[in-house]
Every structure is written in C-alpha cells, then in structure tokens.
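# Structural features, examined
These are the residues of each chain, in order.
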Amino acid sequence: MNKDIYEIIDKLKNTHSLTKEEYLVLIKGRNPDTTELLMKYANEERKKYYGKEVFLRGLIEVSNICKNDCYYCGIRKSNPNCQRYRLTPEDILMCCKEGYELGFRTFVLQGGEDGYFTDDILCELIKNIKKDYPDCAVTLSLGERSKESYIKLKEAGADRYLLRHETADKNHYEILHPPSLSYDERMRCLKDLREVGFQVGCGFMVGSPGQTDEHIAGDLKFIEEFKPDMCGIGPFIPHKDTKFKDAKAGSVALTCYLLSIIRLIHPTVLLPATTALGTMDETGREKGILSGANVVMPNLSPKEVRKKYMLYDNKLSDGAESAQAKEELKRRIESIGYTISTSRGDVYKKD
Ligand code: SAM
C-alpha cells in the first residue's frame, strides 16, 4: 500500500531519507500542490545554511576534444560536425584572470576527455591558478581518470570534482553509452574521488532517453546514499548530430521538482541551476533557484570557442549565461529576492 504522499513529504522533510518506493510515489504524485509544498520546505532548509546567497562559479570549457562516444553528447568523438578546439594552459590562466577581476572565486575547468590534459599539464596548471589566486577554489570536471591521477590533481591543489553518475541503473547506463564505457567504472571513479578527499559532485540528466520514473527514484536513492557535496541535474536536450536527435527533451518542471527533493535529501548540498535549465526556459535559472538551487555557473570561456562547446542544440553561452554579463545575472537574481555571493562558496559543514 502506498503511503499518503503528504506523509512521505513530511518524512523527507524530517528524516532526509526515503525508500526507493517512496521516492517513486513522490515522482508520480507531482502536481501543483506537492510542487509548492516541496518548494516551500526546500527553501526553508536552504535558508538555514545558505540564507539567500547564490554562489557563482566561472565555467571554463577547456576542450571539446573527447575520446568517448556518449550517445547523447554533441562533443562525442564520432561527431564529424563538431569543430574541435583546445585551450592552452596560458588561455585558461587568462580566463581565470578575467574571472578574478569580475569577482569569481571558483573556477570550474570542464572538458571532454582530451588526452592532451595529462596529469603533468593539469598539475602545473592547477598550481599556477592556486599561486595567482590563492583565495579561489578550483573545480575539475574532466571525466574518468585513474585513482593515481585523482590523487595527483588533489595534491596539486584542486578542491572539487564534478562527475555526474548519469544514471544509477546499469541497464539504463548501457542505453546511454557505448560498451567502452561502464557503469562500474563511473562508480569506481566517484568512490575514488571521495576517498582522495575532493568535494565531489554527481548528477544526472532529467528525461534522458530510456529514463523511467523508477530510474529517477533510483537516482534519488543513490544521491541520498552517496551524499555528494554538489549535485548537477538538468534537463536532457537533444543534439542534432546524435542518435537521440529526435528524442524528447527533459522537462523544466520535473527538473525543478527534483531540485526541491534533492535539497530536502541533503539540505547543505551545493545545487546548480544549470545552463540546460536556462536553455530550455528563458527563466529556467530563476525557477531553479526558487526550487532550491543555490549555484550558478556563468561561462568564462573565451568568446570565440563558446559556440563550439555544443553539448546539445542551442546551448546558451551569452546573456546572463556569460560571465561578462554578471550585472545582468545579479539583477535577475536580486529580482527574485536572492543575492550573489562573492565568496568561494564551499559546502557547509555542520561540524
Ligand atoms: N567529460 C566530462 C564528464 O564526462 O563528466 C565532463 C564534460 S560532459 C560534456 C558534462 C555533462 O554534460 C555530462 O555529465 C552530461 O550529463 C551533460 N550533457 C551531455 N550531453 C547532454 C545533453 N544532450 N543534454 C543535457 N546534458 C548533456
């Protein structure tokens, strides 16, 4: 017998934990009333730890060269229409300089799995960023690497690592990825990143091809148990040069609903209102924040490469999505009653 959904929402609010079946009831029971209630509770929790602050991260897309062939991704290696680029360490340092002057105190280096970025190159780059900007955090999002590599990157001074788990269901993982990529390896990486001492982020696409409500319930249970410091979720958006080009995009409303639930699972988690959310809906970023998100990641990549990091069709990189338009972003965030924080924005630790 299903428990009454309102009892489940209360249980989530009070214990921050549900069974997979209860998460499923929440997902299936989405309606205007449950959405509003979860949003209200999510905002109350967030306020306890982060007040009305929204943290900024400067996103530097270091390379769109990738050895992988994730079926959903526009920069996958077998897309012949992707115009490839790679930033040099000097380019990346210039982006950090510009970002620092604009007030950013976290730099996120994200990219495809590009063999050019060896441990030696990355470690020297991280050390240089930390030398020039000791008050800044460095976040990496460079995919799957060996534990030895993660240890070196951590020792060089990187603080955080984002690696979405993509889906907590092995069969679903195989629908989204070629046989060369495995669910077990993705999980191995997440475990190693945690052991190495990074603040770790996981996450998934909402509405990815083949995803069911049961899969999402499994993702929520995984997030509950893994206890990530950051969690990136955004709608799946098809890309014209992938086999999922005709697949339906994920829903903004469901993404926002899940943001509220994730905020209630882990009240201190750092939760971005993602670019994908802003791409699907002109006010998606604001909706994400109002649902429980507390991070935004404007684009700090050099303007001439931004359009080439096209993970999905029409990906935003200008307007308030651009680091240079910080004033516009500030105004938009203030218009919904929040403020932009200029601090490093580390995860809140209770003790
Ligand atoms: N290569 C690194 C990795 O695998 O973690 C980082 C870059 S990867 C392009 C960043 C994220 O983009 C992925 O984790 C995936 O969830 C998201 N992404 C890729 N294609 C997408 C699409 N079509 N729609 C929405 N998000 C997408």
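Not measured: the values here are computed from a predicted model. (Residues numbered from 1 in each chain as written. Predicted model: local features only at pLDDT ≥ 70, side-chain atom pairs only at ≥ 80, totals over all residues. Heavy atoms only, no water.)

## Let's talk about the sheet that holds strand 9 (residues 339–341)
Strands sit in the order 8-1-9 across an open sheet of three strands; the sheet is parallel. The open sheet terminates on both sides in strands that have one partner only, identified here as strand 8 (295–296) and strand 9. Taken together, the three bridges between strand 1 (residues 53–56) and strand 9 define a ladder with parallel strand orientation. Each bridged residue has a counterpart across the sheet, and for Val54 the counterpart in strand 9 is Ile340. (Pairing = 2+ DSSP bridges. Helix = DSSP H or I, 4+ residues; strand = E, 2+ residues; numbered from the N terminus.)

## Observations regarding the pairing of strand 7 (residues 230–235)
Of all six residues in strand 7, six are buried, a share of seventy percent or more. Neither face of strand 7 is exposed, since Met230, Gly232 and Gly234 on one face and Cys231, Ile233 and Pro235 on the opposite face are all buried. Two elements, strand 6 (residues 199–206) and strand 7, share six bridges in a ladder whose sense is parallel. Across the sheet, residue Gly203 finds its bridge partner in strand 7, namely Gly232. Each parallel crossover has a hand, and for strand 6 linked through helix 9 (residues 213–226) to strand 7 it is right-handed. (Buried < 20%, exposed > 50% of the residue type's maximum accessible area, 1.4 Å probe, protein only. Right-handed = clockwise from strand over helix to strand, strands pointing away.)

## Thoughts on the layout of surface pockets
In this model, the largest pocket occupies a volume close to 290 Å³. Asp229, His266, Thr268, Tyr348 and Lys349 are the residues nearest the centre of the largest pocket, which is lined by 14 residues in total. For the lining of the largest pocket, the per-class residue count stands at six nonpolar, two polar and six charged. Lining the second largest pocket are 14 residues, with Gly207, Gln211, Lys248, Gly250 and Leu254 positioned closest to its centre. Tallied by class, the residues present in the lining of the second largest pocket amount to five nonpolar, seven polar and two charged. (1 Å grid on protein atoms, 1.4 Å probe; cavity = no way out; pocket = protein on both sides within 12 Å on 5 of 7 lines; lining within 4 Å. Points joined across faces, edges and corners; volume = space filled by probe spheres on them. Nonpolar A, V, L, I, M, F, W, Y, C, P; charged D, E, K, R; others polar.)

## Considering helix 8 (residues 183–196)
The first and last C-alpha atoms of helix 8 sit 20 Å apart over 14 residues, in line with the 20 Å expected at 1.5 Å per residue. Taken together, the buried positions of helix 8 are Tyr183, Arg186, Met187, Cys189, Leu190, Asp192, Leu193 and Val196. At its buried positions, helix 8 is contacted by helix 6 (147–155), strand 5 (160–162), helix 7 (170–176), strand 6 and helix 9. Where helix 8 ends, the next residue or the one after it, Gly197, has phi of about 105 degrees, a positive value. (Expected span 1.5 Å × (residues − 1). Contact = heavy atoms within 4.5 Å.)

## Examining the site of the ligand
Near the ligand you find 17 residues, and of these Tyr72, Gly111, Arg164, Glu166 and Ile237 are the closest. Within the backbone of Tyr72, a nitrogen or oxygen atom sits 3.1 Å from a nitrogen atom of the ligand. Within the contact set of the ligand, an oxygen atom lies 2.5 Å away from a side-chain nitrogen or oxygen of Glu166. Protein contact buries 92% of the 560 Å² of open area that the ligand shows by itself. Tallied by class, residues from the shell around the ligand come to 10 nonpolar, four polar and three charged. (Near = heavy atom within 4 Å. Polar contact = N/O pair within 3.5 Å; in protein donor to acceptor, adjacent residues only side chain to side chain. Areas by Shrake-Rupley, 256 points an atom, 1.4 Å probe, with all protein chains shown as cover.)

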